[in-house]
Amino acid sequence: MSYSYDTIVIGAGIAGCCAAFSLQQKGQNVLLVDRSRVAASGGSGAAGAFVSPKIGKGGPLQVLTNEAFSFAKDFYLRHFPSYFHQTGVIRIPKDAEDAEKFKLYEPFNTENYRTISPEELQPLGINNAQESFLFDEAGVCDAPELCNAIFHEIPFKQFDAESLEHDGQKWILLNREHLMLSSKNVILATGHQNDLFDMRYMGVRGTWGSRGDYYSGLELNVSMHKSISVSANIGGIIKIGATHVKSKEPCMVCDGEPLKGLFRKASEMVDTSDFRLKETFCGMRSGSKDYVPLLGKVVNTAYMIEHHPKVLRGANPPLKHFENLYICNGVGGRGFVFAPLLAAWLAEYIVDGKEIDTRVNPDRLFLKWARKEGASSS
Ligand SMILES: Cc1cc2nc3c(=O)[nH]c(=O)nc-3n(C[C@H](O)[C@H](O)[C@H](O)COP(=O)(O)OP(=O)(O)OC[C@H]3O[C@@H](n4cnc5c(N)ncnc54)[C@H](O)[C@@H]3O)c2cc1C
């Protein structure tokens, strides 16, 4: 063997940690690398990390999300039960208009749930709510602690991958000091920092968010989401978080006070009078162009444009992919929901040759992007 590892996973957020874990479970010799520490610089450390179903009118993303939810809760309970708290999650309508929509959503709630009235919510410590949905099996992860627990199972190197080259047999990763790592496969789980290849067709973009962890004695046994997330009181800590700011650059709009608006909203939901700020987190999550996760091979864009220039004018040639290069990204506001299922699918593909579910295959975005690119440059 001319390479050191079967697979190197770049990025130790929840997506990379789960991918490395699943491959190792299948017997691969895996290395996880990150330019900083585990779940430190990306979205995963900042996440409120709710693991709950999606509500809606049964569209494809809802169906996929709920499959992933079901898989994720079983995965965490089985492998990392100390870091997943099955508190239940209440989805509360934002306002009266949203409450009307909830009635339409009800037939599409495939996960175990029940409706819960404002009168039942009050004794739980939840104010100003309309009729809501309670998902009993949903819950909250301790985000960085969970990533760290997964990472403890896997060999790790702090390594800033500056470049990635294929020598015909293996991938070679280099950092700024020209230190080298090699592997047969590479998985890019780099979140919003997605610049190792030309992957514009996937349209990965970041959304900033913040989370505050507060000391509190408030008896709050259930987690809730009403445009922002407020966790149950777990060991004397209540977490408030949300991501809303679409930006490629670090968040400037909060003016150094990322929690101001969140805390105000939380105060309308629960009694925050004894909340004392313990810690603030800011992070960027990454979504794809169509909000569906990205899992699979990476198209060699430069090759396609050079050898099939008509692709820019609507032709549909066979796609050329990089050898043994995969992406696991675009998990949006639900990284902790999607990561375990995506990881399992990727490991089944790499080790067993089982095709990846076409719903998440990034190829879906290439031709449309190429056509648009062609139109804008002509
Ligand atoms: C405030 C907030 C609240 C959230 N709430 C929830 C929630 O309730 N539920 C939920 O499921 N999700 C939630 N999310 C979303 C979730 O955090 C993200 O979907 C998830 O963290 C994305 O994980 P990831 O592994 O794809 O990326 P990241 O966590 O961003 O990890 C990417 C890693 O790649 C590394 N990296 C990048 N480039 C390189 C390179 N060249 N070399 C080496 N390392 C590199 C980075 O250092 C980083 O550690 C929330 C996010 C935020 C910010």
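Residues numbered from 1 in each chain as written. Predicted model: local features only at pLDDT ≥ 70, side-chain atom pairs only at ≥ 80, totals over all residues.

## Quick word on the nonpolar core
- Residues Ala19, Leu342 and Leu346 are the most contacted members of the largest nonpolar core, which totals 104 residues.
- Counting residues per element, this core draws most heavily on helix α8 (residues 335-352), at 11 residues.
- Here this core gathers at least three residues from each of two domains, domain 1 (5-43 + 146-203 + 289-377) and domain 2 (85-141 + 207-284). (Core = buried A, V, L, I, M, F, W, Y, C linked by C-beta atoms within 7 Å. Buried ≥ 20, exposed ≤ 12 C-beta atoms within 10 Å, placed from the backbone. Helix = DSSP H or I, 4+ residues; strand = E, 2+ residues; numbered from the N terminus. Domains from an automatic or database assignment.)

## Examining the site of the ligand
- The immediate surroundings of the ligand are formed by 43 residues, with Gly11, Gly13, Gly42, Gly191 and Gly335 found nearest.
- Going through the elements one at a time, α1 (14-25), β2 (30-34), β13 (205-215), β16 (237-246), β17 (276-287) and α8 are the ones with two or more residues in the shell around the ligand.
- For the shell around the ligand, the class distribution of residues is 15 nonpolar, 22 polar and six charged. (Near = placed C-beta within 6 Å. Nonpolar A, V, L, I, M, F, W, Y, C, P; charged D, E, K, R; others polar.)

## Considering α8
- Over its 18 residues, α8 runs 25 Å from end to end, which matches the ideal 26 Å to within 8%, given 1.5 Å per residue.
- α8 sits mainly inside the fold: 13 of its 18 residues count as buried.
- Looking one or two residues beyond α8, the residue adopting positive phi is glycine 353, at roughly 75 degrees. (Expected span 1.5 Å × (residues − 1).)

## Brief notes about the packing of α1 against helix α5 (residues 143-151)
- Taken N-terminus to C-terminus, the directions of α1 and α5 make an angle of 25 degrees; their axes are 9 Å apart at the nearest point. Between α1 and α5, the crossing angle belongs to the class labelled roughly parallel. α1 and α5 meet at a crossing whose hand is left-handed. Together, Ile14, Cys17, Cys18 and Phe21 of α1 and Cys147, Ile150 and Phe151 of α5 make up the contact between the two elements.
- For the contact of α1 with α5, the per-class residue count stands at seven nonpolar, no polar and no charged. (Axes fitted to C-alpha atoms, helices over the stretch in contact; angles between N-to-C directions. Parallel < 35°, antiparallel > 145°, perpendicular 65-115°, else oblique. Left-handed = near helix turned anticlockwise from the far one by under 90°. Contact = placed C-beta atoms within 7 Å.)

## Observations regarding the environment of valine 186
- Structurally, valine 186 can be placed in strand β12 (residues 180-188).
- Looking at valine 186, the number of C-beta atoms within 10 Å reads 28, which means it is buried.
- Ignoring anything within four residues of it in the chain, the contact list for valine 186 reads Ile8, Ile10, Leu164, Trp171, Asn324 and Leu325.

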